[in-house]
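# Structural characterization, general
The lines below spell out each chain.
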Amino acid sequence: MERALDEAPALEFVVDPDVVRRSDDERTQILGAPGFGKHFTDHMVTATWTPDGGWHDARVRAFGPITLSPAAAVLHYAQEVFEGLKAYRHEDGSVWSFRPEANAARFARSARRLALPELPEAAFLASLEALVGADADWVPTGGEASLYLRPFMFASESFLGVRPAHEVTYCLIASPAGSYFAGGVTPVSIWLTTDYTRAAPGGTGEAKCGGNYAASLAAQQEAIGHGCDQVCFLDATEHRWVEELGGMNLYFVHADGTLVTPSLTGTILEGVTRSSILTLAGELGHRVEERRVSVDEWRDGVAGGEITEVFACGTAAVVTPLGRLAWDGGEVVMGTEPGPVTTQVRERLLGIQYGREADTHGWLRRLA
Ligand SMILES: *Cc1c(COP(=O)(O)O)cnc(C)c1O
């Protein structure tokens with residue numbers, strides 16, 4: 001498929017000057033207790049792609065409903081990909097994103113897998129700057145609050161035939177988010193599903209697409225039904241190798257200080273948080289390994305004291321300690337408090353993101 005996007009001229013995001021903004025009072029009230037994913041800023045970004053026109057009509061306009069034909073391909077065949085990153089307000093009032101180039105690159109990889117057109121990295125970054133520039137007042141201050149940014153792309157063409165869409169919409173929305181752990185970091189419980197898998201070799205597990213999440217919901221319901229917070233998936237072939245949670249990667253802390261994370265096999269989503277921790281943990285003096293981890297190693301390792309902490313990581317919840325792993329017929333308990341290594345990694349990552357610690361890797365990019 002010829003998409004010829006490299007030759008496209010730079011996309012310019014035109015800001016609609018007539019957008020009606022919420023009052024200062026209303027915004028302040030929302031930012032006081034934003035929760036997660038419930039409230040949205042005054043603006044959103046949209047752009048359209050067609051085979052002949054490439055990416056065009058890039059705009060920053062009022063947040064609001066999108067008109068879509070009931071025959072829009074995304075509603076039938078789920079041709080959609082998304083990203084998730086945050087804008088952090090620093091002490092001096094400036095607003096920064098964390099490794100957005102990595103999100104841009106992953107967005108392009110996901111798009112390729114779903115036969116969607118790639119949005120050039122420069123356009124992806126420009127859209128973040130345009131939206132956060134227009135809605136800078138919506139970036140919360142203090143604690144671990146942030147403005148969650150959600151870029152996504154979907155098949156908007158009205159056509160029921162099965163083929164890559166000839167009209168695609170890019171959209172970016174922003175949602176103020178409070179601290180994930182408002183009452184202090186507490187370990188979560190995990191259900192190990194043996195009925196469901198998330199991703200199979202050759203499938204879409206490596207791509208960040210809505211379809212993966214749709215496929216994970218029944219397993220997540222199963223986890224809730226067993227009194228657990230989240231579900232953990234094993235590989236689809238041997239049902240033996242630990243992959244990841246529905247939306248977070250995993251790390252195992254060993255008694256000798258080594259951190260182990262499941263290697264990227266093609267069925268695991270490569271998290272920006274996961275790869276950042278590979279670097280940071282090494283700098284903190286830990287040995288880090290990417291290799292396969294069997295569910296037996298997890299169970300026996302915790303029971304025998306070889307594995308001392310397990311945590312999950314991802315943009316939304318940063319670093320989350322896992323307290324308990326349950327399965328059909330048993331459970332092991334990692335702990336009821338976040339472990340020292342989990343806490344150390346979490347603090348280092350947040351320290352960089354919020355500008356409290358030196359950004360020695362050039363991971364921060366100013367948005368406003
Ligand atoms: C987004 C996502 C992650 C975490 O990725 P980050 O870039 O660290 O936010 C992990 N697993 C899945 C399935 C995801 O969709």
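Residues numbered from 1 in each chain as written. Predicted model: local features only at pLDDT ≥ 70, side-chain atom pairs only at ≥ 80, totals over all residues. Heavy atoms only, no water.

### Here we look at unusual backbone geometry
In this structure, A115 is a non-glycine residue whose phi angle is positive, near 55°. A115 gets classed as partly exposed once you look at its relative accessible area, which sits at 23%. Its identity as a non-glycine residue notwithstanding, V318 has a phi of 60°, on the positive side. Examined against the element boundaries, V318 turns out to sit in strand β16 (residues 318-327). (Buried < 20%, exposed > 50% of the residue type's maximum accessible area, 1.4 Å probe, protein only. Helix = DSSP H or I, 4+ residues; strand = E, 2+ residues; numbered from the N terminus.)

### Some words on the packing of helix α6 (residues 272-283) against helix α8 (residues 340-353)
Each pair of packed helices gets described by two things: the angle between the helix axes and the distance between those axes. For the pair α6 and α8, interaxial distance at closest approach is 10 Å and the crossing angle is 110°. Considering the angle they form, α6 stands roughly perpendicular to α8. Residues T273, S276, I277, L280 and E283 of α6 lie in contact with α8, whose contacting residues are V345, R348, L349 and I352. For the contact of α6 with α8, the residue count by class is five nonpolar, two polar and two charged. (Axes fitted to C-alpha atoms, helices over the stretch in contact; angles between N-to-C directions. Parallel < 35°, antiparallel > 145°, perpendicular 65-115°, else oblique. Contact = heavy atoms within 4.5 Å. Nonpolar A, V, L, I, M, F, W, Y, C, P; charged D, E, K, R; others polar.)

### With respect to the domain arrangement of the protein chain
Here the protein chain is described as being made up of domain 1 (14-178) and domain 2 (188-353). In this structure, domain 1 and domain 2 have C-alpha centres spaced 27 Å apart. Both faces considered, domain 1 and domain 2 share a buried interface measuring about 1,800 Å² in area, 57% of it formed by carbon and sulfur atoms. When the buried surface of domain 1 facing domain 2 is broken down by residue, F82, F98 and R106 rank first, second and third, together holding 33% of it. Here domain 1 is connected to domain 2 by two salt bridges. As a salt-bridge pair, E270 and R109 come within 3.9 Å of each other at their nearest N and O atoms. (Domains from an automatic or database assignment. Buried area = accessible area lost by both parts, 1.4 Å probe. Salt bridge = Lys/Arg side-chain N within 4 Å of Asp/Glu carboxyl O.)

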